[in-house]
Amino acid sequence: MALIAAAVALALLLVAVGISLSTPGNALDATAWIFGPVSVLPLVLAGAVLVNARVHVRGEHLDLAGARKARRGLAVLCVCVLLSSGVAAGARLSAISLASDGRSWSVSPANWIYLLLLLVVVLLGGVAFVAGRTTLRPSTPTG
């Protein structure tokens, strides 16, 4: 549930910061503004997979087929987070590069905040992946 709440908060922050950065008619700004909040959607879905992970546990038994599907789904969702965040960051950096005079980059604090928020999205995707892999891993029998 914390992952879902953090994802929603990140989406709102990305929209708020993205609006302050975008200029009308600039395709790179629009791409960064669209893909930033879209990169949060797989995080929400990963949170839903983690919340529903207990469906695969009955007593002391783990439904291996269901857990395997959930782990694969988490892997796909994390790749989606990486790709969409990468597109947003690439578009934002390209827009910064085109706006510079060619000799020096002057990156505003809002641009840094936007890029750091995208980094947080990627880190949360990694946390969701690791948490899902460890939670849905079958334990080895002892003794």
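In short, a report on the structure.

Each value, and the rule that gives it
Residues numbered from 1 in each chain as written. Predicted model: local features only at pLDDT ≥ 70, side-chain atom pairs only at ≥ 80, totals over all residues. Heavy atoms only, no water. Core = buried A, V, L, I, M, F, W, Y, C linked by side-chain atoms within 4.5 Å. Buried < 20%, exposed > 50% of the residue type's maximum accessible area, 1.4 Å probe, protein only. Helix = DSSP H or I, 4+ residues; strand = E, 2+ residues; numbered from the N terminus. Expected span 1.5 Å × (residues − 1). Arc of directions from axis to C-beta. Contact = heavy atoms within 4.5 Å. Axes fitted to C-alpha atoms, helices over the stretch in contact; angles between N-to-C directions. Parallel < 35°, antiparallel > 145°, perpendicular 65-115°, else oblique. Left-handed = near helix turned anticlockwise from the far one by under 90°. Salt bridge = Lys/Arg side-chain N within 4 Å of Asp/Glu carboxyl O.

A word on the nonpolar core. As a rule of thumb, soluble globular proteins bury nonpolar side chains together. If you look at the biggest cluster of nonpolar residues, it comprises 24 residues, and the most contacted ones within it are Leu14, Val40, Leu43, Tyr114, Leu118 and Val121. Listing elements by their share of this core, those giving two or more residues are α1 (2–21), α3 (41–51), α4 (64–99) and α5 (109–135).

Helix length check: α1, at 20 residues, gives a terminal C-alpha distance of 28 Å against a target of 28 Å (1.5 Å per residue), a fit within 8%. Along α1, the residues classified as buried are Leu3, Ala7, Leu10, Ala11, Leu14, Val17, Gly18 and Leu21. For α1, the buried positions fall inside an angular range of 145 degrees around the axis, keeping them on one side. Exposed residues on α1 whose side chains face more than 90 degrees from its buried face are Leu12, Ile19 and Ser20. Tucked into the core, α1 has its buried residues touching α2 (27–38), α3, α4 and α5.

The interhelical angle for the contact between α3 and α4, taken along N-to-C directions, is 165 degrees, at an axis separation of 9 Å. As far as their axial angle goes, α4 and α3 are roughly antiparallel. Between α3 and α4 lies a crossing of left-handed hand. Across the interface between the two elements, Pro42, Leu43, Leu45, Ala46, Val49 and Leu50 from α3 touch Ala70, Leu74, Leu77, Cys80 and Val81 from α4.

This paragraph deals with the pattern of salt bridges. Overall, the coordinates contain one salt bridge when judged by the stated rule. As a salt-bridge pair, Arg92 and Asp29 come within 2.6 Å of each other at their nearest N and O atoms. Here Asp29 lies in helix α2 and Arg92 lies in helix α4, a separation of 63 residues in the sequence. Asp29 shares its class with Arg92; the two are buried.

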